[in-house]
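Reading the structure
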Amino acid sequence: MFQKILVPIDGSPTALEAVDRACAIAKAFGSSVTAVYVIDPYPFTGVGADFAYGQDQYLSAATAEANTAVDAAKQRFAAAGVKVETRVVESHAIWRGVMEVAESLGVDLIVMGSHGRRGLEKLVLGSVTQSVLAHSKISTLVVRSSDEPGS
């Protein structure tokens, strides 16, 4: 039923729960799986010499965080006996980066975690998952953390 699965990861426990769910689906259907980490190239604005130094520092930290998240996901997939390809991409909107990878790979399922933010926190922080759901024509399975209220 699902031949190609995309799993956006961010290093969170919720993303790892999505990895576990993607493993189960991939095993059931013999699907190929790609995990993607999207880096916002530089979410801050500024001018001057400090700006350039800050950008280099930010990208270095963001890349290290991406590598840590990718390694954790790879270990989880390997433990489940599921082969996974990984990608780290840059996009100024994380949801857009997810959608670009999904479309370029021709995936037929996105499995992603939701942090379950509510109220003002959701309004202020936005939601990558909500944006993917709003813009995607691809089937999307949202995995909520088992330790969140209401899940």
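One can find the structure itself at the top, above this paragraph.
All residue numbers refer to positions counted from 1 along the written sequence of the respective chain. Where totals are concerned, whole chains, interfaces and linings use all residues; where local detail is concerned, this predicted model gives features only for residues with pLDDT of at least 70, and gives and counts side-chain atom pairs only at 80 or more. Only hydrogens and water are set aside; all other atoms, that is, all heavy atoms of the structure, feed into the side-chain values.

**A word on the overall build of the chain**
- Scanning the chain for helices and strands turns up five helices and five strands.
- Counting over 151 residues, the chain shows a buried share of 39%.
- By element, 53% of the accessible surface of the chain is carried by carbon and sulfur atoms, the whole surface being about 8600 Å². Elements are defined by DSSP. Helices are runs of H or I of four residues or more, strands are runs of E of two residues or more, and each kind is numbered from the N terminus. Exposure classes here rest on a 1.4 Å probe applied to the protein chains alone. A residue is buried below 20% of its type maximum, exposed above 50%, and partly exposed in between. A 1.4 Å probe and the Shrake-Rupley method give the accessible areas. Residues count as covered only by the protein chains that appear here.

**A few points about the sheet that holds strand β2 (residues 32-39)**
- Strand pairing follows a simple DSSP-based rule, namely that at least 2 bridges must link the two strands. Spatial strand order, β3-β2-β1-β4-β5: five strands in an open sheet with parallel pairing. The open sheet has two edge strands with one neighbour each: β3 (84-90) and β5 (140-144). With strand direction ignored, the average angle separating the axes of adjacent strands in the sheet is 25 degrees.
- Sheet topology note: the strand β1 (residues 4-8)/strand β4 (residues 109-114) ladder contains two bridges and is parallel. If you follow isoleucine 5 over to β4, its bridge partner there is leucine 109.
- The sheet contacts of helix α3 (residues 94-105) involve β1, β2, β3 and β4, and relative to β1 the element is tilted by about 165 degrees.
- Lying on the sheet, helix α5 (residues 128-135) is in contact with β4 and β5; it crosses β4 at an angle near 150 degrees. Orientation is described by lines fitted to C-alpha atoms, with helices fitted over the stretch in contact, and by angles between N-to-C directions that extend from 0 to 180 degrees. The criterion used for residue contact is that any of the two residues' heavy atoms lie within 4.5 Å.

**Structural notes on the nonpolar core**
- We define a nonpolar core as any set of buried Ala, Val, Leu, Ile, Met, Phe, Trp, Tyr and Cys residues linked to one another through side-chain atoms lying within 4.5 Å. Core analysis: the biggest nonpolar cluster contains 26 residues, and Ile5, Val7, Ile9, Val19, Phe77 and Val111 have the highest contact counts within it.
- When residues of this core are traced back to their parent elements, those giving at least two are β1, α1 (13-29), β2, α2 (49-80) and β4.
- Here this core takes eight residues from α1, the largest share from any one element.
- If we skip the residues at most four places from it in the chain, isoleucine 5 touches Ala22, Ile25, Ala26, Ser31, Ser32, Val33, Thr34, Val107, Leu109 and Val111.
- Formed by 15 residues, the second largest nonpolar core is a distinct cluster that contains Leu6, Val38, Ala93 and Ile110.

**Concerning the pattern of salt bridges**
- Should a side-chain nitrogen of Lys or Arg be within 4 Å of a carboxyl oxygen of Asp or Glu, the pair is scored as a salt bridge. What the rule picks out here adds up to one salt bridge.
- Arginine 76 serves as the salt-bridge partner of aspartate 20, at 2.9 Å between the closest nitrogen and oxygen. Of the two residues, aspartate 20 is situated in helix α1 and arginine 76 in helix α2; the sequence distance between them amounts to 56 residues.
- With a relative accessible area of 33%, aspartate 20 lands in the partly exposed category.

**So, the pairing of β1**
- Counting buried positions over the five residues of β1 gives four, a clear majority of the element.
- Of the strand pairs in this sheet, β1 and β2 are connected by five bridges, and their pairing is parallel. Bridge assignment links isoleucine 5 to a residue of β2, and that residue is valine 33.
- Taking the sense of rotation as the criterion, the β-α-β connection linking β1, α1 and β2 turns out right-handed. When the strands point away from the viewer, a crossover counts as right-handed if the path from the first strand over the helix to the second runs clockwise.

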